[in-house]
Amino acid sequence: MNFTDRYRRTLWQPTALALALSMGLSGVAMAQSNASGVIFGNAGDAAGATIHVENVNTGQSRDITVDNAGRYRATSLPVGTYTVTLKREGQVIGSRDNVQVRVGSGTDVSFDSSASEAGAKTLGGVTVVGSALPAIDVSSVDSRTTLTAEQLQKLPLARDVTAAALLAPGTVAGDARYGNVASFGGASASENQYYINGYAVTNALTGIGFTSLPYDAIDQQQIYTGGYGAEYGRSTGGVINVVTKRGDNNWKGGVGLHVIPSSLRATPKNIRRTDGQLFQDRSENTSSATQYTGYLSGPVIKDKLFVYAAGDFTRTTGNNISSILAPQFTTEVSKAKKWLAKVDWNITDNHIVEFTGLSDQTRTDRTVYKYSYANEARGNLIGGDKLENAASLAGSAPGGDVYIGKYTGYITDNLTVNALYGTSNSDHKRTLAYAGSPNCPWITDSRTKITSPIIGCGLVNGTVLGPGAKDKTHGWRFDVEYQLGSHDLRAGLDNQTLESSAGNQYEGGYRWRYQNVRNVSGRPDIFPDVPPGTPYFVEQRIFITGASVKVEQEAQFIEDHWQINDRWMGYLGLRNEQFKNINGAGDVYVKQRHQLAPRLGATWDVFGDSSFKVYANAGRYHLAIPSNVAIRGASASLYSSQYFTYNGVGPNGEPLNLVPAGSKIYLNGEDGTDLNPKTVAAQGIKAYYQDEYILGFDKALNSDWSFGAKATMRKLKSSIDDFCDSRPFEKYAARNNIDITNASIPGCYLFNPGVPNTFMVDVDGQGTLVPFKLTMEDFTTPAGVKFPPLKRKYYSMELYLEHHFDERWFARLDYTFSRSYGNSEGQLKSDIGQLDPSVTQDWDAPEIMQYANGPLPNDRTHQLKAYGFFQVNKEWLVGANVAIASGRPKNCIGFDPVDAIQYGASYFECNNQPAPRGSRGRLPWTLKLDLNAQYRPLWAGPGQNLAFSATVFNLFNSQKTTSQVDGGEDPANDYQRPLSFQTPRYLQLGVSYDFSM
């Protein structure tokens, strides 16, 4: 669907499958859940002996019998530090201390003669107990970066999840108009999944962003960039998996203060048009932030019942001067409250219950004044703007409350059961209070070379949130893991329901856009009904959406980690997805079943000592249609347009003495009536899915250093978007002698781009549905313009060098060469910042897709990332984080000479010439260097519980353009105007104190 003003609604049964896989496959297996880890190993000739595994902080313990092959395995262990003891006939014959269990990883603790002196190595990437063996994970086929709480505290990072995720190779910051989100492996920013303690907290409406938590409550954060197993789904980008801290047998707590003073912020660059005209004065656009933190944890009942609680309370104040199109001076106060509480109950050593509650709430109060660019002064009060969980761009931080319950049962040595249930709820509110006239529609003056643009009295000058907006989810999963010889079999059910009540409308109920009447690059006048000689005209648009919608997601999965021999491990997984999308009337408009996603992988421990690993994997990944599609694409909505000439402008910016220049039209057929759910989507529509292939190796140079390389290929095989062109139906009807004179054809249909589709058409307007089997020839225009095949490909080569932490320093260097190219970014359209996952203006008509092939918005050909920290002495620690990347592709999007669908400047054409995607070069390279220092004085006590910190972000104050206006002809003088720059240099100061009781 088109929204040219850029603000558009801004199975197989698991038991049968398990049986089939177990019959088809005949070592140690390393399956693990997304919220726990595994300890496994070889006890040599100690068959029948007992392995005692005990958490040193909580006292939880398990006894595992060594099998006939001398192997043992303890699954679904909470992350933490353990002691592993080998006993025979009650006598201790070996013990390993300080064994670290990391989320989603296996830790090998072996006692046979081939083990190291300490006998322990972590297969998740960290050496423990002074092991001389390298930190190479020979058990995994996925691509992940795992960061511990210690690393998150020592590295110079902004205190949020996304900042940590951007350390992973192949990740880039998403378009600034989508908020603080990341793109993984060339995918759009809405294609990721986010988990906290095993429950998905992804934005329920759009998939952009997630509900967050107190930063200091993070115990470990995993960033999966590819190759993840069958337990993960609903993602064609990446997965961010957070496991929180928990209480133990020691009462402890802490408080902290972090300050970002405005006086130590660099001044942001002003925005100018390419002709030098000042578009936005940002010299006073600055802010300060103060964050108070605290935590408390300990045992309610020693070894049995534990609590952990943490909170972040942040107050941010700032000013903002908006652009010359709607000059305003805004003062803003934002209060963010995040808390987390976790209870862990070890009912027995074999039965564990966890409960997590967390909240992420933001309230923003804005006071808006008029602003005079001529006088550089603030004017009269316009009004107030209050937002609750609605302040972030694109809703990328939806906020809300989340509650999660989990049970883990160690039924036998070989059988483990996990059950989880979670819910979330988030209310979104926006209240406008006008100081003057309440009749303040959105006013835009797009006339070129106007020194005094027409200005309205609006507070927002855009779309506003409708009343009653909220999101809620509930979901559960049930996993069973069973060890059968050299096979570790795991099967599970994973269901989640997403519900949203949402809608948007123009401020004041409608929008006026003033425009020139003129030829554009020799093109005929756009609107022939405008009388000759009329210099300007005005367009009125009305836009209203709102509905309560739902997406039901179900999945079953099974996987087998098969330890073929001491050096080869094979992975076989299968995930079966079902998606059901429900519109505002409660009707199902898309239903997809049997979306099979196979996952295959293998690792080769070349020398048998975990010093050199070669691995490969291949997999298919599906993604559901997000909830937002139903708000407008499958529910009643109103979107109209009408042109007028005028003579005079009122005090609120509205045109006077209007004369219609043409009749009112309903764009995309949105006339406010309900849609027939059987006609809004293609029949048998295929799910959105992507195939991925990875080949790589990891090699240890010695006990401290390792390096590796990885090649990745991703190909989007099927997409879901909408097209809004009636010509294919007209062509089909003419060819098949079908009368569609009275047909009821929706303005837009969901379909699979680039392939034939079948649609149900109401041919008489009375509900008589006839299948229209549209071929690719039907999608071809009379001028011979065809829809191209869908294309989004990503390939990369990643190289890394890492120095593992040796109690003194840690460092990692990553270089990524990648290309993301094709004719579709995916669910989003960053070219214009369009917030419409799965219903972008791409594919609305064949002409839109002409010359659309090229480097995509998230393409960064070269990336260099380096980060680490160094313990200078007992008191001082310093850290660094540097990121260098090549620029984003530039486009010129303009008018099509025919513009058969009347989309205006929406084509990869400029000056009546093709302007292929990415043909206008690149934005500049970016460099960002962050540094930090921590001081823990010895005079504060032997525990060094007092810490002072200072972090400078963007040390060199580089403010390169990171996105620009790609619209080359509407208006022409806005082309290549910067939209966003790198964040200017700023300093964060902190102090914290930890205590024990």
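Residues numbered from 1 in each chain as written. Predicted model: local features only at pLDDT ≥ 70, side-chain atom pairs only at ≥ 80, totals over all residues. Heavy atoms only, no water.

**Some details on the side chain of Ser 500**
Okay, so step 1: Its place among the elements puts Ser 500 in strand S29 (residues 487–502).
Okay, so step 2: Polar side-chain contacts of Ser 500 include one of 2.7 Å to the side chain of Asp 471.
Okay, so step 3: Not counting the four nearest positions on each side in its chain, Ser 500 is found in contact with Ala 204, Leu 205, Lys 470, Asp 471, Ala 547, Ser 548, Val 549 and Ser 627. (Helix = DSSP H or I, 4+ residues; strand = E, 2+ residues; numbered from the N terminus. Polar contact = N/O pair within 3.5 Å; in protein donor to acceptor, adjacent residues only side chain to side chain. Contact = heavy atoms within 4.5 Å.)

**What to know about the state of the cysteines**
Any covalent bond linking the sulfur atoms of two cysteines counts as a disulfide.
Okay, so step 1: The final tally for this structure, using the stated rule, is three disulfides.
Okay, so step 2: Shown here is the disulfide that connects Cys 440 with Cys 457, its sulfur atoms set 2.1 Å apart. Residues Cys 440 and Cys 457 are joined through a disulfide that is left-handed, its torsion about the S-S bond being -110 degrees. Remark: Cys 457 occurs in the loop between strand S26 (442–445) and strand S27 (463–465) and Cys 440 occurs in the loop between strand S25 (415–434) and S26; sequence separation between them is 17 residues. For the pair Cys 440 and Cys 457, a shared accessibility class is recorded, and that class is buried.
Okay, so step 3: Assigning the bonded cysteines of the protein consecutive numbers by sequence position, one obtains the connectivity 1-2, 3-4, 5-6. (Disulfide = S-S within 2.5 Å. Buried < 20%, exposed > 50% of the residue type's maximum accessible area, 1.4 Å probe, protein only.)

**Here's the deal with a nonpolar patch on the surface**
Okay, so step 1: Side chains of Trp 339, Val 343, Phe 355 and Tyr 403 sit close together on the surface and give an oily, nonpolar patch of about 340 Å² of accessible area.
Okay, so step 2: Along the polypeptide, Phe 355 turns up in strand S22 (residues 351–372). (Patch = residues over 30% accessible without salt bridge, like charges linked within 9 Å, V, L, I, M, F, W, Y side chains within 5 Å. Areas by Shrake-Rupley, 256 points an atom, 1.4 Å probe, with all protein chains shown as cover. Salt bridge = Lys/Arg side-chain N within 4 Å of Asp/Glu carboxyl O.)

**Brief notes about the confidence of the model for the protein**
Okay, so step 1: Considering every residue of the protein, the mean pLDDT works out to 90; 93% of them sit at 70 or more.
Okay, so step 2: Confidence drops under a pLDDT of 50 for residues 3–31, and excluding neighbours within four residues, the segment shows 95 contacts in the predicted structure.
Okay, so step 3: Between residues 520–525, whose pLDDT stays under 50, and residues either more than four places distant or in other chains, the model counts 15 contacts. (pLDDT = per-residue confidence, 0-100.)

**A word on the sheet that holds strand S12 (residues 193–196)**
Within a sheet, neighbouring strands are paired by backbone hydrogen bonds and run either parallel or antiparallel to one another.
Okay, so step 1: Spatially, the five strands line up as an open sheet ordered S9-S14-S15-S12-S13, and their pairing is mixed. Looking at which strands have only one partner, the edges of the open sheet turn out to be strand S9 (143–148) and strand S13 (199–200).
Okay, so step 2: Of the strand pairs in this sheet, S12 and S13 are connected by two bridges, and their pairing is antiparallel. From the neighbouring strand, Ile 196 faces S13, where its bridge partner is Tyr 199. (Pairing = 2+ DSSP bridges.)

**A word on unusual backbone geometry**
Okay, so step 1: In this model, Asn 461 sits at a positive phi of 55 degrees, which is unusual for a non-glycine residue.
Okay, so step 2: Structurally, the position occupied by Asn 461 is in the loop between S26 and S27.

**Quick notes on the packing of aromatic side chains**
Okay, so step 1: The tally for this structure, following the rule as stated, stands at 44 aromatic pairs.
Okay, so step 2: For the ring pair Phe 607 and Phe 612, a centre distance of 5.8 Å and an interplane angle of 45 degrees mean the geometry is tilted.
Okay, so step 3: On the numbers, 5.3 Å between centres and 80 degrees between planes, the contact of Phe 723 with Phe 779 is edge-to-face. One end of the pair, Phe 723, is in strand S42 (residues 721–723); the other, Phe 779, is in the loop between strand S45 (769–774) and strand S46 (792–803), with 56 residues separating them in the sequence.
Okay, so step 4: We classify Phe 779 as buried; its relative accessible area is 1%.
Okay, so step 5: Members of the aromatic cluster, joined through ring pairs, are Phe 723, Phe 729, Tyr 732, Tyr 749, Phe 751, Phe 759, Phe 772, Phe 779, Phe 787 and Trp 843.
Okay, so step 6: The aromatic ring of Phe 279 is capped on one face by Arg 977, whose charged end is 3.6 Å from the ring centroid. (Phe/Tyr/Trp six-rings, centres within 6.5 Å; stacked < 30°, edge-to-face > 60°. Lys NZ or Arg CZ within 6 Å of the ring centre and 35° of its normal.)

**Comments concerning the sheet that holds strand S6 (residues 91–101)**
Okay, so step 1: Here four strands make up an open sheet; going across it, the order is S3-S2-S5-S6 and the pairing antiparallel. Of all the strands in the sheet, just strand S3 (61–65) and S6 have a single pairing partner and so form its edges. Neighbour-to-neighbour, the strand axes of the sheet open up by a mean angle of 20 degrees, direction not taken into account.
Okay, so step 2: Note that strand S5 (residues 80–88) and S6 share eight bridges and pair antiparallel. Looking across to S6, one finds that Tyr 82 is bridged to Val 99. (Axes fitted to C-alpha atoms, helices over the stretch in contact; angles between N-to-C directions.)

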